[in-house]
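Given next are the chains, with one letter for each unit.
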Amino acid sequence: YQAKIQNGGYQFFNESISSTFLRKLDLENELRWAIAKNQFTLHYQPQVSSETGHMKGMEALIRWNHPTLGPVSPGEFIPIAEETGTIMDIGKWVLKEVCLQLNRWLSASFIVPSIAVNLSARQFLAPDLASSIHDIVYQTCCDPQHIVIEITESSSMHDIESVLPILHELKSFGFQIAIDDFGKGYSALGYIKQFPIDILKIDKSFVQELTSDTKSAVLTKAIIDMSHGMDLRVIAEGVETLEQLDCLRTMNCDMIQGYFIDPALSAEQLETLYLTKDEQISCQQSSLAALS
Ligand code: C2E
Ligand code: MG
Ligand code: MG
Ligand code: MG
């Protein structure tokens, strides 16, 4: 009787392993065609001033909608894309799409603050990363000042020697640089003073414990003060409640990103909810239109 249970247990275990394996294999295969088949889109999550609520920036987040598999979250497919190397092409696609979107908005005379783009650790293994980013941005006639490069703390720490020169190169081209998921890993703080950073993003794990755990609150306050002491702007990620927002506001956190404000939105949604037109440019355009 016991053997039967064990056997059944074993089989179940075995099946779940193989279905995980098959799912991964499936995603691996499908990922190779996803760009060519137009299955990716970008959504944009607003980052607002904690004081005024005005949008100060947005983060581009990739979405994969597969015709038969349905939506697959980046949390699931980005690690696979990193493993197989498809992240290189995906990374270029994302940046180009961001530049094209920026152009569409600017030429419709919307005022657009910066757009942040996530880079994977794996992309930093390409020694020409900075120049390939630069090329994409210049070919689309975008201004690097409008682009924030987000790099996670864990990936930047992984190989400081190769990441540091690339960040300096990006900085010299005019890009802004943000450290993502700060505090999630446990790394030596020392690298912070070496890196040419503009923005520090506090990981959502801190924010989620902010109002329940005094130690998280003390650490969050310390991170915000440290960042200001180094002239960095701070964004809190994963803000889901008014209590968290209030708490971050009293701590002088500069910007807020999270479901309490809005999730990642389609370009159209973001446009109607957050973007305003530059009246001067609009006027010039309409008087030009009147002349012609
Ligand atoms: P991330 O860069 O830290 O992005 C923030 C993630 O937190 C997003 O998940 C966002 O939807 C989610 N989020 C935002 N507000 C809240 C909130 O209030 N509560 C909670 N629980 N979550 C919130 P998403 O879009 O699923 O992306 C997951 C991760 O996948 C990203 O984490 C990033 O590391 C990676 N990723 C997404 N898009 C790209 C991309 O274009 N390229 C690369 N290399 N990685 C990407
Ligand atoms: Mg990010
Ligand atoms: Mg993050
Ligand atoms: Mg991340």
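For the structure itself, look to the data block above.
All values reported here derive from a predicted model rather than from experimental measurement.

1. What about the overall build of the chain?
Along the backbone of the chain there are twelve helices and nine strands. Within the span of the chain, comprising 292 residues, buried residues form 45% of the whole. Considering only residue pairs separated by 6 or more positions, the chain has 68% of its internal contacts joining residues 24 or more positions apart. Just so you have it, the chain exposes about 15,500 Å², and 56% of that area is on carbon and sulfur atoms.

2. Some words on the coordination of the magnesium ion (ligand 3)
Summarising the metal site, the magnesium ion (ligand 3) is bound by the protein donors D180 (OD), D181 (OD), E237 (OE) and E237 (OE), whose distances to it range over 2.0 to 2.4 Å. In the primary sequence, the donor residues of the magnesium ion (ligand 3) line up as D-D-x55-E. Taken as an interatomic distance, the gap from the magnesium ion (ligand 3) to the magnesium ion (ligand 2) is 4.2 Å; D180 donates to each of them.

3. Some points on the coordination of the magnesium ion (ligand 2)
Angles at a metal have ideal values that depend on geometry: 109.5 degrees with four tetrahedral donors, 90 or 180 degrees with six octahedral donors. The protein atoms that coordinate the magnesium ion (ligand 2) are E59 (OE), N118 (OD1), E150 (OE) and D180 (OD), at distances of 2.0 to 2.2 Å. Of note, the donors binding the magnesium ion (ligand 2) are all from one chain and are spaced E-x58-N-x31-E-x29-D.

4. Topic: the site of ligand 1
Close contacts around ligand 1 come from 22 residues, with R63, D180, K204, E240 and Y259 the closest. Between ligand 1 and the protein, one listed contact pairs an oxygen atom with a backbone N or O atom of Y259 at 2.8 Å. Here ligand 1 loses 84% of its free accessible area of 800 Å² to cover by the protein chains. Contributing elements (two or more residues each) for the shell around ligand 1: strand 2 (55-66), helix 2 (74-84), helix 3 (87-107), strand 4 (114-119), strand 6 (176-182) and helix 8 (204-209). It is strand 2 that provides the largest number of residues to the shell around ligand 1, a total of four residues. Across the shell around ligand 1, the residue classes tally to nine nonpolar, six polar and seven charged.

5. A short note on the packing of helix 4 (residues 129-139) against helix 6 (residues 160-173)
The interhelical angle for the contact between helix 4 and helix 6, taken along N-to-C directions, is 25 degrees, at an axis separation of 8 Å. Judged by the angle between their axes, helix 4 and helix 6 are roughly parallel. Our pair here, helix 4 against helix 6, has a crossing hand that is right-handed. Side by side, helix 4 and helix 6 meet where L129, A130, S131, I133 and H134 of the first sit next to I166, E169, L170 and F173 of the second.

6. As for the packing of aromatic side chains
Applying the stated rule across the entire model yields six aromatic pairs. The interplanar angle of 65 degrees and the centroid separation of 5.4 Å between the aromatic rings of Y44 and W105 together place this pair among those described as edge-to-face. Of the two residues, Y44 is situated in strand 1 (residues 40-49) and W105 in helix 3; the sequence distance between them amounts to 61 residues. Given a relative accessible area of 1%, W105 falls into the buried group. With 5.3 Å between their ring centres and 80 degrees between their planes, W64 and F77 make a pair best called edge-to-face. Separated by 13 residues along the polypeptide, W64 in strand 2 and F77 in helix 2 bring together distant segments of the chain. W64 sits in the buried class, given a relative accessible area of 2%. Feature note: the residues F40, W64, F77 and W93 constitute an aromatic cluster, connected by ring pairs.

The rules behind the values
- Residues numbered from 1 in each chain as written.
- Chains lettered and ligands numbered in written order.
- Predicted model: local features only at pLDDT ≥ 70, side-chain atom pairs only at ≥ 80, totals over all residues.
- Heavy atoms only, no water.
- Helix = DSSP H or I, 4+ residues; strand = E, 2+ residues; numbered from the N terminus.
- Buried < 20%, exposed > 50% of the residue type's maximum accessible area, 1.4 Å probe, protein only.
- Contact = heavy atoms within 4.5 Å.
- Areas by Shrake-Rupley, 256 points an atom, 1.4 Å probe, with all protein chains shown as cover.
- Donors = N, O, S within 2.8 Å, 3.2 Å for Na, K, Ca; no water.
- Near = heavy atom within 4 Å.
- Polar contact = N/O pair within 3.5 Å; in protein donor to acceptor, adjacent residues only side chain to side chain.
- Nonpolar A, V, L, I, M, F, W, Y, C, P; charged D, E, K, R; others polar.
- Axes fitted to C-alpha atoms, helices over the stretch in contact; angles between N-to-C directions.
- Parallel < 35°, antiparallel > 145°, perpendicular 65-115°, else oblique.
- Left-handed = near helix turned anticlockwise from the far one by under 90°.
- Phe/Tyr/Trp six-rings, centres within 6.5 Å; stacked < 30°, edge-to-face > 60°.

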